[in-house]
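# Coordinate analysis (summary)
One letter stands for each residue in the lines below.
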Amino acid sequence: MTTLLNLHRVKYQCSCGSFKSLCYLYFCRHCLKIKCKDCVILEVDCRFCPSCYEHLQSHEAITRKNRCQSCFSCPCCNHTLVTRATNTSAAMPVSLNTTPDSGNTGGGDADESISSTNVSGLQTPSKKVYYLACSVCRWSTRDIRLADQPTLNSWKAQDNIHEGRFNELLQHYKQIATREKQERDRKRYSTVKLRSALPTATTSRSSSDKYGLLAPVTRRGIRTSGILKSPSLAESPNPTNSTLKPSDPITEIEPLDENLFLSNTFDFNKLTTITQRLNSVEIQPLIVDRLYPLAKHFTSKQSKRCKECDHNVLKPEPSPKLIKFKLHQMALFFIPEIRIWHHPAWSTTESNPCVLSIVNQLDEQTTLKLYTLDEIREENTDKDLIDRINQLDEYILTSQLTLPMTKDRSVKLHPHVEPNETDTKLDDEFRQNDSRELVLYRKFAKIAIRCYIKLKSSSVKTILGAFIIEHRVVGISPIVSTPTAISSNPVTRNVRHIILIDFGPTDKPALTLHSSLA
Amino acid sequence: MCPAINSSYQVTIAPGAYVCEERLQLVGEISIGSKTIIHPGVSIIAEAGPIFIGDGNLIEEQCVIANRFPPGVDKDQMNQVVMIIGNNNVFEVGSQCEALKVGDNNILECKAQVGRSVTLTSGCVIGAKCSLTTDEVLPENTVVFGSDHQRRTMPDRPAFQTHQLDFLARILPTSHYVLKHGTKSHTQPAT
C-alpha cells in the first residue's frame with residue numbers, strides 16, 4: 001500500500017528546470033507555467049505564535065522581536081514548556097498541567113478535586129503557584145532556582161546587558177544609512193513623479209526592504225518616498241551625533257589552561273552545549289544553571305507570487321486558525337497526476353512492460369496526449385523543450401521509455417467526481433474509443449496505461465525514465481488597458497510537461513499485479 | 001485468565017500488592033513487594049535466576065521484566081543470577097527492563113529499553129523509546145531523552161507517584177481479576 005502514494009517517485013519539471021513532485025508545485029494561470037517554491041516570491045501575510053495562535057499585526061510583531069509573550073521553549077531540548085501549578089502549603093506537591101491557553105478555570109476544577117482527596121487534614125489556605133516544565137527532558141524553572149510565580153504569564157524576559165551599546169550603534173548607523181540612501185536616490189530618480197497616493201513610509205526599520213521580503217510595489221514606494229521633499233529642503237542635514245565611542249579592542253586572549261580539565265572542580269555535566277548556548281545569543285550561558293526559558297518565535301503565513309508575471313499564486317486566509325486559501329492555484333488542480341502502478345522484475349536486456357496510472361484532478365473532461373522523448377525530438381518544433389530533453393537524457397536518464405501505438409496517442413479523462421457516482425455512461429463511451437494496447441483499465445477519473453522501459457546499459461543502478469504529456473489549460477487573460485472593454489475570451493493553450501519517473505533500484509522485486517489489470 | 005500455563009513459575013506476592021491476572025506471563029521464581037501494582041499484559045520472565053521486585057512499583061501494560069541468559073552461553077552450566085528491582089519505580093507502557101540492578105524512584109518511559117549490563121541507581125529517567133545497552137552505572141538523577149539519547153542531570157529525583165498508586169489500588173480490584181497474596185506456583189507438566 002505504501003507504493004501507491006510514493007510521492008517522490010514521479011516528478012514534474014518546473015519552468016525553472018528543477019524536478020519536483022506534483023504536490024509541491026504551483027501553477028501560474030497567467031503565464032500558464034508550473035512554478036515551484038524556488039521561482040516564487042514570498043510575502044509575509046500574517047505573523048502568529050505556533051503554540052497559542054496569537055495573531056499580531058506586522059509592525060507590532062516586529063517591535064516584540066517576533067516572539068510570543070506567553071509561550072516558552074525549553075532551553076535544554078527546545079520543546080514547548082508546559083505551565084504546571086502546585087499548592088504552596090501542601091506537604092506533598094500536587095502537580096497538574098495547565099496550558100497557557102486554558103487559564104485558571106480548567107486548572108481550578110481539577111485542583112479542587114485532587115486537594116480534597118489527597119490533602120486531608122490540612123487547613124491552611126493553599127495558594128497556587130506556577131512553574132514551567134518540559135515534558136521531554138524534564139527541565140523546569142525550578143532547576144535554575146527561579147521562584148514559582150503566583151500568576152500565569154508573568155515570566156519576564158532576561159535583561160540584555162549589551163542593550164545600551166546596541167541602541168547607540170543602531171542610531172548612529174541608521175542616520176548614516178538614511179543620508180546615504182537619500183543621496184543615492186536623488187541622483188537616480190531625479191525626474192520621477194512624486195507619488196502622493198502611496199503611504200509616506202519613513203525609512204524606519206519596519207518598512208525598509210532589508211531582506212527583500214516586501215512587495216515590489218511597496219519597495220518602489222519606499223525608495224521614492226525619501227525624495228518627496230524638494231532637493232533644496234533636503235540640503236539641511238539632520239543634527240547627526242557622529243561622535244560615537246569606539247569599542248575597546250582586545251589584542252591578547254588567554255590561552256587555555258590544560259590543567260582545567262584535570263581539576264576536581266570541572267564538571268562536564270554542568271556545561272551547556274553549543275546549541276543551547278547560541279539559542280540565547282545575548283546571554284550565552286556557559287553552565288546549565290544559567291539557562292533561561294526561551295520565548296517562542298513567531299511563524300508566518302506567506303503568500304506566493306510568480307516572479308515573471310507578478311501575480312499571486314497562493315494566498316492564504318489571514319487568520320492563523322483558518323487553513324483555507326483565498327487563492328489556491330496548486331499544480332495538482334490543473335495537471336493530471338501520474339503514479340506508478342506496476343513494474344515487473346527488471347531485466348537488463350529486454351524491454352520491461354510497466355503500468356502507470358493517470359488520475360484527473362480537474363472538474364472537467366480532459367484530453368491528454370502522450371509523447372515519448374524521441375517523438376518530440378523528431379517534431380523539432382519547440383527548441384527550448386528539445387534542449388531540456390537533451391540535457392535530461394544525457395545526464396540523468398538511465399533508461400528509455402517507449403509507449404505503445406506509434407502516433408497520436410490521446411486519452412480522454414473523465415472529470416474528477418465523487419467515488420460513489422453511479423453514472424457510468426461517459427465512462428463506457430470512452431472505453432469504446434480506447435486502444436487496447438495503450439489503455440489497460442479505466443474507471444471514472446483514473447486510467448492505467450502501459451509503457452515499456454528499456455535500460456540503457458546493464459550497469460544501471462536506479463531506473464529513471466521520462467516522457468511528455470500535453471493537455472489544454474484555461475488561463476486568465478491579461479488585463480487590458482481600457483477598463484471598460486475587458487476581453488472575455490479566456491486564453492487556452494496546450495501545455496507540455498516533462499515527467500521524470502524513478503522506478504527504483506534494479507534489484508527491486510516486481511510490484512504485485514492488481515486484479516483489475518491482470 | 002490465568003497466567004500462561006505452558007511455563008513453570010513460582011510467585012510470592014506480598015499483602016497490599018495487586019497483580020492483574022489478565023495476559024500475565026510469569027516464568028521462574030518471582031517475588032513482588034507490597035503496594036506494587038502490576039497492570040494486565042505484563043511479562044515477568046525469571047529465566048536465568050529469580051527476580052525480586054520491591055515495594056510501591058508501578059508496572060504498566062505490556063512491560064517486559066526479564067532476567068534472561070546472556071546470548072550464546074550454555075544454559076545448564078550457568079549459576080543463578082539474581083535480579084533486584086527497588087522501590088517506587090515506574091515502568092510505563094511497553095518498556096523492557098533486563099537490567100540486573102534497578103534502584104529506587106526510577107522511571108522507564110513508554111517503550112524504553114534497558115539492557116542487562118546497565119545499572120540504574122536512583123531517580124533516573126529513561127525517556128520514551130530510548131534504549132540503553134551500554135555497560136555502565138547511570139549516575140543518580142540522570143535523564144536520557146530524545147531520539148539521539150541526550151543526557152542531562154536533574155537537580156532532584158522525579159516526583160512520587162503515590163496518588164496514582166492509591167487510586168489504582170482502589171480501582172483495579174473492582175474491575176480486574178487480581179492474584180491473591182501468598183505464594184502461587186505452577187510447574188510445567190513434564191511432556
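Computed from a prediction, not measured in an experiment: that's the story for all the values here.

### So, the overall build of chain A
Looking only at helices and strands, chain A features 8 helices and 23 strands. Put simply, chain A has 518 residues, and 37% of those count as buried. By element, 53% of the accessible surface of chain A is carried by carbon and sulfur atoms, the whole surface being about 31,600 Å².

### Section: helix 1 (residues 162-175) of chain B
All names here are of chain B. A rise of 1.5 Å per residue sets the reference length of helix 1, with its 14 residues, at 20 Å; its end C-alpha atoms lie 21 Å apart and thus fit the reference within 8%. Of all the bends in helix 1, the greatest reaches close to 30° and is centred on A169; the proline P173 follows between one and four positions later. For helix 1, every residue scored as buried is listed here: L165, L168 and L172. Summarising the contacts, the buried residues of helix 1 are in contact with strand 2 (18-20), strand 4 (37-38), strand 7 (58-59) and strand 21 (178-179).

### Let's talk about the nonpolar core
I335, I338, L356, L370, F467 and F503 of chain A are the most contacted members of the largest nonpolar core, which has 42 residues in total. Those elements that place two or more of their residues in this core are strand 1 (10-13), strand 15 (337-342), strand 16 (352-359), strand 17 (366-371), strand 19 (410-413), strand 21 (446-455), strand 22 (462-474) and strand 23 (492-505) of chain A. Per-element tally for this core: the top contributor is strand 21 of chain A, with 5 residues. For I335 of chain A, the contacting residues outside a window of four places in its chain are Y12, L22, F27, I34, Q361, L362, I469, H471 and H497 of chain A. In this structure, L26, I38, I65 and C97 of chain B belong to the second largest nonpolar core, which totals 36 residues.

### Some details on a nonpolar patch on the surface
A surface patch of nonpolar side chains, about 830 Å² in accessible area, is lined by L256, L260, F261, L262, F268, L271, L286 and I287 of chain A. Within the element layout of this structure, I287 of chain A appears in the loop between helix 5 (274-279) and strand 11 (294-297).

### Observations concerning the confidence of the model for chain B
Averaged over all residues, the pLDDT of chain B equals 88, while 95% of them reach at least 70. In the model output, the complex is listed with pTM 0.69 alongside ipTM 0.81.

### Regarding the state of the cysteines
A covalent bond bridging the sulfur atoms of two cysteines is what the word disulfide describes. Applying the stated criterion across every chain yields a total of 0 disulfides over all chains. Free of any disulfide, C31 of chain A has its nearest neighbouring cysteine sulfur in C28 of chain A, separated by 3.2 Å. On the accessibility criterion, C31 of chain A (13% relative accessible area) is buried. The thiol of C97 of chain B is unpaired, and the distance to the nearest cysteine sulfur, on C63 of chain B, comes to 8.9 Å.

### Let's talk about the sheet that holds strand 13 (residues 312-316) of chain A
Residues and elements named next belong to chain A. Pairing within the open sheet is antiparallel, and its 5 strands lie in the order 6-5-12-13-14. If you trace the sheet from one side to the other, it starts and ends with strand 6 (55-56) and strand 14 (325-328), each paired once. Sheet topology note: the strand 5 (residues 40-48)/strand 6 ladder contains 2 bridges and is antiparallel. Bridging from a neighbouring strand, R47 pairs with L56 of strand 6.

### Side note on the pairing of strand 19 (residues 142-145) of chain B
All names here are of chain B. Of the two faces of strand 19, the one holding T142 and V144 and the one holding V143 and F145 are both buried throughout. Two elements, strand 16 (residues 125-126) and strand 19, share 2 bridges in a ladder whose sense is parallel. Bridge pairing links I126 to V144 in strand 19. Sheet analysis places strand 19 next to strand 20 (residues 150-153), joined by 4 bridges and oriented antiparallel. Within the sheet, the bridge partner assigned to V144 lies in strand 20 and is R151.

### Looking at the confidence of the model for chain A
Reading predicted coordinates in detail is not appropriate for stretches of low pLDDT. Residue and element names in this part refer to chain A. Mean pLDDT over chain A: 76, with 76% of residues reaching 70 or higher. With pLDDT under 50 throughout, residues 194-206 is counted as low confidence; its partners more than four residues away or in other chains account for 12 contacts. Taken together, the stretch residues 227-239 has pLDDT below 50 and engages in 11 contacts with residues farther than four places along the chain or on a different chain.

### A closer look at the interface of chain B and chain A
Across the boundary between the two partners, chain B contributes 13 residues, which contact 10 residues of chain A. Taken together, both faces of the contact between chain B and chain A bury some 1,000 Å²; the carbon and sulfur share is 55%. Two residues, E109 of chain B and R138 of chain A, come together in a salt bridge whose shortest N-O distance is 2.9 Å. Inspection of the region where chain B meets chain A yields 4 residue pairs in polar contact (both at pLDDT 80 or more). Within the residue set of the side of chain B that touches chain A, elements represented by two or more residues are strand 19, strand 20 and helix 1 of chain B.

### Considering the sheet that holds strand 2 (residues 19-20) of chain A
Residue and element names in this part refer to chain A. With antiparallel pairing, the 6 strands of this open sheet are ordered in space as 2-1-23-22-17-19. A strand with exactly one partner marks an edge of an open sheet, and here the two such strands are strand 2 and strand 19. In terms of strand pairing, strand 17 meets strand 19 through 4 bridges, oriented antiparallel. Bridge pairing in strand 19 links T366 to L413. Packed on one face of the sheet, helix 7 (residues 383-395) meets strand 1, strand 2, strand 22 and strand 23 and runs near 0° to strand 23.

### Focus on the packing of aromatic side chains
Working definition: an aromatic ring pair is given by the centre-to-centre distance plus the angle between the planes. Residue and element names in this part refer to chain A. Taken as a whole, this structure holds 4 aromatic pairs over all chains when the rule is applied. With a centroid separation of 5.5 Å and 85° between ring planes, the pair formed by W341 and Y441 is classed as edge-to-face. On the criterion of sequence distance, the pair formed by W341 in strand 15 and Y441 in strand 20 (residues 439-443) is long-range, its members being 100 residues apart. You can call W341 buried: its relative accessible area is 15%. Judged by centre distance (5.4 Å) and plane angle (70°), the rings of W346 and F503 are edge-to-face. Of this pair, W346 sits in the loop between strand 15 and strand 16 while F503 sits in strand 23, and the two are 157 residues apart along the sequence. Like W346, the residue F503 is buried in the burial classification. Taking the ring centre of Y131 as reference, the NZ or CZ of R142 above it sits at 4.1 Å.

Reading the values: the criteria
- Residues numbered from 1 in each chain as written.
- Chains lettered and ligands numbered in written order.
- Predicted model: local features only at pLDDT ≥ 70, side-chain atom pairs only at ≥ 80, totals over all residues.
- Heavy atoms only, no water.
- Helix = DSSP H or I, 4+ residues; strand = E, 2+ residues; numbered from the N terminus.
- Buried < 20%, exposed > 50% of the residue type's maximum accessible area, 1.4 Å probe, protein only.
- Areas by Shrake-Rupley, 256 points an atom, 1.4 Å probe, with all protein chains shown as cover.
- Expected span 1.5 Å × (residues − 1).
- Bend = angle between axes of the 7 residues up to and from the residue.
- Contact = heavy atoms within 4.5 Å.
- Core = buried A, V, L, I, M, F, W, Y, C linked by side-chain atoms within 4.5 Å.
- Patch = residues over 30% accessible without salt bridge, like charges linked within 9 Å, V, L, I, M, F, W, Y side chains within 5 Å.
- Salt bridge = Lys/Arg side-chain N within 4 Å of Asp/Glu carboxyl O.
- pLDDT = per-residue confidence, 0-100.
- Disulfide = S-S within 2.5 Å.
- Pairing = 2+ DSSP bridges.
- Buried area = accessible area lost by both parts, 1.4 Å probe.
- Polar contact = N/O pair within 3.5 Å; in protein donor to acceptor, adjacent residues only side chain to side chain.
- Axes fitted to C-alpha atoms, helices over the stretch in contact; angles between N-to-C directions.
- Phe/Tyr/Trp six-rings, centres within 6.5 Å; stacked < 30°, edge-to-face > 60°.
- Lys NZ or Arg CZ within 6 Å of the ring centre and 35° of its normal.

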